[in-house]
Amino acid sequence: MIRVVLVGAAGRMGRAVEAAAAGAADLAISARVDLRANLPAGVGVGTGGAGGEAGWSDSVRSVTAKGDVIVDFSAPGGAREAAEAAVERGAALVTGSTGLAADDERVLREAAKRVAVLRATNFSLGVAALRVALRAALAAVPGSWDVEIVERHHRLKKDSPSGTALTLADDVRAARSLPATALKHGREGVVGARPAGELGMHAVRGGTWVGDHQVLLAGEGEWLELRHVAQDRAAFAHGALAAVRFVATAAPGWYTLEDVLRGPGPRSV
């Protein structure tokens, strides 16, 4: 049985992970962590909660002894604390918090020298496959083709563009050897003709869209669209549990969801 400490347990993804874990025979939520202000009504720190016997805490360090893998869907500060706690405990870490700054990413990379760390901006296995397909498509079409990324999310999403859209942009820039300045966020006014080497990014917010990512590759008289649509957060939750199973037996190192697709083997670089 893999014991999981769930950080950000009161959030949307935290609740989705717990629901998915309830149907899993090989793992269980052993502790839940979130800010006191986010705890469910009637639940206090150190108490059990609805849906299971695992207690709640507002500090991951106070409950790391209960887990083999720490799963983090919180915020930049929570991700850093989870990484530091994972190193102290010797536990593996799966983290999907978005909005991380360079210093936050550096803390995660340092932790990966000591424990297995799997980082993803989107835990859908379909999105992992989309990234593989995107790299193949970029290698197949002429380098002169234009690339635009469009993402849609619900009205309550705080960061924009999404972490997944930025990851897709990084994949395009790496494949095309484009600088960070190539990324263009939206367009307004008389901006002139689209320059060669520009990478367009467009974020749409509204309603209850769970997640919709399109990558458009446009040539002369033809275009190609790669698209992934998430209909339910359960898709992300099941991907996160697949990541938990992977890191539970993985050697220290930095991993991505594509490593989960490939199965056991050499670690990511």
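Everything numeric here is computed off the predicted structure, so don't read it as measured data. (Residues numbered from 1 in each chain as written. Predicted model: local features only at pLDDT ≥ 70, side-chain atom pairs only at ≥ 80, totals over all residues. Heavy atoms only, no water.)

Quick word on the packing of aromatic side chains
Stage number 1. Per the counting criterion, the structure on display carries two aromatic pairs.
Stage number 2. Ring centres 5.3 Å apart and planes at 70° place the aromatic pair F73 and F123 in the edge-to-face group. Taken together, the positions of F73 in the loop between β5 (69-72) and α2 (76-89) and F123 in the loop between β7 (116-119) and α4 (125-140) put the pair 50 residues apart, joining distant regions of the chain. Each member of the pair F73 and F123 is classed as buried.
Stage number 3. Judged by centre distance (5.2 Å) and plane angle (70°), the rings of F246 and Y255 are edge-to-face.
Stage number 4. When its relative accessible area of 14% is taken as the criterion, F246 is described as buried.
Stage number 5. For Y255, a relative accessible area of 4% gives the class buried.
Stage number 6. Above the ring of W254, the side-chain terminus of R109 is found at 3.8 Å from the ring centroid. (Phe/Tyr/Trp six-rings, centres within 6.5 Å; stacked < 30°, edge-to-face > 60°. Helix = DSSP H or I, 4+ residues; strand = E, 2+ residues; numbered from the N terminus. Buried < 20%, exposed > 50% of the residue type's maximum accessible area, 1.4 Å probe, protein only. Lys NZ or Arg CZ within 6 Å of the ring centre and 35° of its normal.)

Description of the environment of D104
Stage number 1. For D104, the location among the structural elements is in helix α3 (residues 102-111).
Stage number 2. The exposure class of D104 is buried, given its relative accessible area of 9%.
Stage number 3. Taking the C-alpha atoms as reference points, D104 and G200, 96 residues apart in sequence, are found 26 Å from one another.
Stage number 4. The residues touching D104, leaving out its near neighbours within four places in the chain, are P76 and R80. (Contact = heavy atoms within 4.5 Å.)

Looking at the sheet that holds strand β12 (residues 223-230)
Stage number 1. The five strands are arranged β9-β10-β8-β11-β12 in an open sheet whose pairing can be described as mixed. Single-partner strands in this sheet number two, and they are β9 (183-185) and β12. Taking each pair of neighbouring strands and ignoring which way they run, the sheet shows an average axis angle of 15°.
Stage number 2. Pairing of strand β8 (residues 146-153) with strand β11 (residues 211-218), which is carried by seven bridges, proceeds in the antiparallel orientation. Pairing of E148 across the sheet is with L216, part of β11. (Pairing = 2+ DSSP bridges. Axes fitted to C-alpha atoms, helices over the stretch in contact; angles between N-to-C directions.)

Here we look at the packing of α2 against α3
Stage number 1. At a minimum axis separation of 9 Å, α2 and α3 run at an interaxial angle of 15°. Between α2 and α3, the angle falls in the class roughly parallel. Between α2 and α3 lies a crossing whose hand is left-handed. For the pair α2 and α3, contact is made by P76, A79, R80, A83, E84 and V87 and by D103, D104, V107, L108 and A111, respectively.
Stage number 2. Residue composition of the contact of α2 with α3, by class: seven nonpolar, no polar and four charged. (Parallel < 35°, antiparallel > 145°, perpendicular 65-115°, else oblique. Left-handed = near helix turned anticlockwise from the far one by under 90°. Nonpolar A, V, L, I, M, F, W, Y, C, P; charged D, E, K, R; others polar.)

So, the pairing of strand β1 (residues 2-7)
Stage number 1. Burial runs high along β1: five of the six residues are buried.
Stage number 2. By the bridge criterion, six bridges tie β1 to strand β2 (residues 27-33) in an arrangement that is parallel. Pairing of V4 across the sheet is with I29, part of β2.
Stage number 3. Once you follow β1 into helix α1 (residues 12-22) and on to β2, the crossover reads as right-handed.
Stage number 4. Both β1 and β5 contribute to a ladder of four bridges, which runs parallel. From the neighbouring strand, L6 faces β5, where its bridge partner is V71. (Right-handed = clockwise from strand over helix to strand, strands pointing away.)

Re helix α6 (residues 234-247)
Stage number 1. Here α6 contains 14 residues, and its C-alpha end-to-end distance of 20 Å stays within 8% of the 20 Å for a straight helix at 1.5 Å per residue.
Stage number 2. Taken residue by residue, α6 has F236, A237, G239, A240, L241, A243, V244, F246 and V247 as its buried positions. (Expected span 1.5 Å × (residues − 1).)

A short note on the pairing of β5
Stage number 1. Judged by which residues are buried, β5 turns out to be covered on both faces: V69 and V71 on one side and I70 and D72 on the other are all buried.
Stage number 2. Sheet topology note: the β5/strand β6 (residues 92-95) ladder contains four bridges and is parallel. Each residue of the ladder has a partner; that of V69, found in β6, is A92.
Stage number 3. Of the crossover connections in this fold, the one passing from β5 over α2 to the parallel β6 is right-handed.

Structural notes on the nonpolar core
Stage number 1. Grouped together as the largest cluster of nonpolar side chains are 38 residues, with contacts concentrated most on V94, L118 and F123.
Stage number 2. For V94, the contacting residues outside a window of four places in its chain are V69, I70, V71, D72, L118, F123, A243, V244 and V247.
Stage number 3. Core analysis: the second largest hydrophobic core is formed by 22 residues, V5, V33, A79 and A112 among them. (Core = buried A, V, L, I, M, F, W, Y, C linked by side-chain atoms within 4.5 Å.)

Details of the packing of α1 against α6
Stage number 1. Relative orientation of the contacting elements α1 and α6 amounts to 65°, with a least axis distance of 8 Å. In terms of orientation, α1 and α6 fall into the roughly perpendicular class. The handedness of the crossing between α1 and α6 comes out as right-handed. Seen from α1, the contacting residues are M13, A16, V17, A20 and A21; seen from α6, they are F236, A237, H238, A240 and L241.
Stage number 2. Here the residues of the contact of α1 with α6 are counted per class, giving nine nonpolar, one polar and no charged.

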